[in-house]
Structure formats: structure tokens, C-alpha cells
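# Chain and residue survey
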Amino acid sequence: MSDSDRQALRLAHDLREEMRAALPHLPAAPSVSPFVDQAGMPSVLLRMDADMARALMALLAERRLDQGQAEQRRGDGSHVPPAAPAVPAAQDAVAAFGQQPPYGDPSFGPPPGAAVFTGGTGPTPLVPSVYPTH
């Protein structure tokens, strides 16, 4: 057995024990498999079920909270992405139109004074269609 193999075995063992100590309330320990990567570096593969993954995420989130960097989570523990920052280019484009969108009314209704045909189930075309409507 090479030195890298022995280091990978030790790394897998130590990681398995640390996770078992950090998450003692779970019935099964994660599967940690040692291997040596193509560069000859000792490495591990980690496989866990959904309960273990959620517990690990909660532990990591708790550590970030202690560091003042917590992120929001849903009730099921899934990640809530941060709000997207405003795009300056889009703000400039809206400002170029006097703070009004270029397509008119933001409710997407007809512009004031436009002819509206009633009695149908939707917009009525101004030009007859060659396709059957019934």
C-alpha cells in the first residue's frame, strides 16, 4: 500500500469520526470512501442520505449564524436564494423612458382610447382569420 493510499484511508476515517461526533443524533454514519485522485493526492468520496444532508446543512448554517453570515432556509430546510441585485443597465433603460416602461401601461391592458371589442372570450382580431375559430 502506497503512502497516498494510507493517507486517504486515514483521511476517510478521521472525516467519518468527525461527522459522527458533530451529528450524533443520526442513526447511520455517512459513507466515506478513501481514494487517491489522478494527481496522487489522498481524497475521499462522501455519500449520505437526505436526513444526513439536511443535518449537515443545518450544522453549517448554524456555524455561519455564529459568524454572522446566516442565510434563509425554508421550512423543509431547503435554501432560499438571496434577492437578486438590481441590474443598473435595466434601470438606465427604464430611466431613458421617463420611468415608464416602453410598452405602455404596466398592467398590459389596452392603451387608453383603444377600441375594445366585447362579447368574445378574448381579444378579437381586427383582420379575419383563414383558420376556423370553432
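Residues numbered from 1 in each chain as written. Predicted model: local features only at pLDDT ≥ 70, side-chain atom pairs only at ≥ 80, totals over all residues. Heavy atoms only, no water.

### Quick notes on the overall build of the chain
Along its length, the chain carries three helices and two strands. Put simply, the chain runs from its N terminus to its C terminus through helices and strands in the order α-β-β-α-α. Considering the chain as a whole, with its 134 residues, one finds that 9% of them fall into the buried category. Of all intrachain contacts in the chain linking residues separated by at least 6 positions in sequence, the fraction that spans at least 24 positions is 38%. For the chain, the exposed area adds up to about 10,900 Å²; of that, 60% sits on carbon and sulfur atoms. (Helix = DSSP H or I, 4+ residues; strand = E, 2+ residues; numbered from the N terminus. Buried < 20%, exposed > 50% of the residue type's maximum accessible area, 1.4 Å probe, protein only. Contact = heavy atoms within 4.5 Å. Areas by Shrake-Rupley, 256 points an atom, 1.4 Å probe, with all protein chains shown as cover.)

### What to know about the side chain of serine 43
By the secondary structure assignment, serine 43 is in strand S2 (residues 42-47). Assessed through its relative accessible area of 14%, serine 43 is described here as buried. Of note is the side chain of serine 43, whose polar atom sits 3.2 Å from the backbone oxygen of methionine 41. In contact with serine 43, not counting residues within four places along its chain, are Ala8, Leu11, Ser33, Pro34, Phe35 and Asp37. (Polar contact = N/O pair within 3.5 Å; in protein donor to acceptor, adjacent residues only side chain to side chain.)

### Topic: the pairing of S2
Summarising the sheet, strand S1 (residues 31-36) and S2 pair through six bridges and their orientation is antiparallel. Directly across from proline 34, in S2, lies its bridge partner valine 44. Once S1 ends, the chain turns through five residues before running back antiparallel as S2, passing glycine 40 with a positive phi of about 85°. (Pairing = 2+ DSSP bridges.)

### Some points on the pattern of salt bridges
Taken as a whole, this structure holds three salt bridges when the rule is applied. Taking the shortest distance from any N to any O, the salt bridge between arginine 10 and aspartate 14 comes out at 3.4 Å. Residue arginine 10 and its partner aspartate 14 are both found in helix H1 (residues 3-22); the two are separated by four residues, about one turn of the helix. A relative accessible area of 35% places aspartate 14 in the partly exposed class. Here arginine 54 and aspartate 51 are joined by a salt bridge, their closest N and O atoms 3.7 Å apart. A residue pair is termed a helical-turn pair when its members lie 3 or 4 positions apart in one helix, as arginine 54 and aspartate 51 do in helix H2 (residues 50-66) at three residues. Relative accessible area serves as the criterion here: at 47%, aspartate 51 is assigned to the partly exposed category. (Salt bridge = Lys/Arg side-chain N within 4 Å of Asp/Glu carboxyl O.)

### Quick word on the confidence of the model for the chain
Averaged over all residues, the pLDDT of the chain is 74; the fraction at 70 or higher stands at 53%. By mean pLDDT, helix H3 (residues 88-96) is the weakest element of the chain at 59, and S2 is the strongest at 93. (pLDDT = per-residue confidence, 0-100.)

### Details of the nonpolar core
Membership of the largest hydrophobic core is limited to six residues, which are Met19, Leu23, Leu26, Met52, Ala55 and Leu56. The leading source of residues in this core is H2, at three residues. (Core = buried A, V, L, I, M, F, W, Y, C linked by side-chain atoms within 4.5 Å.)

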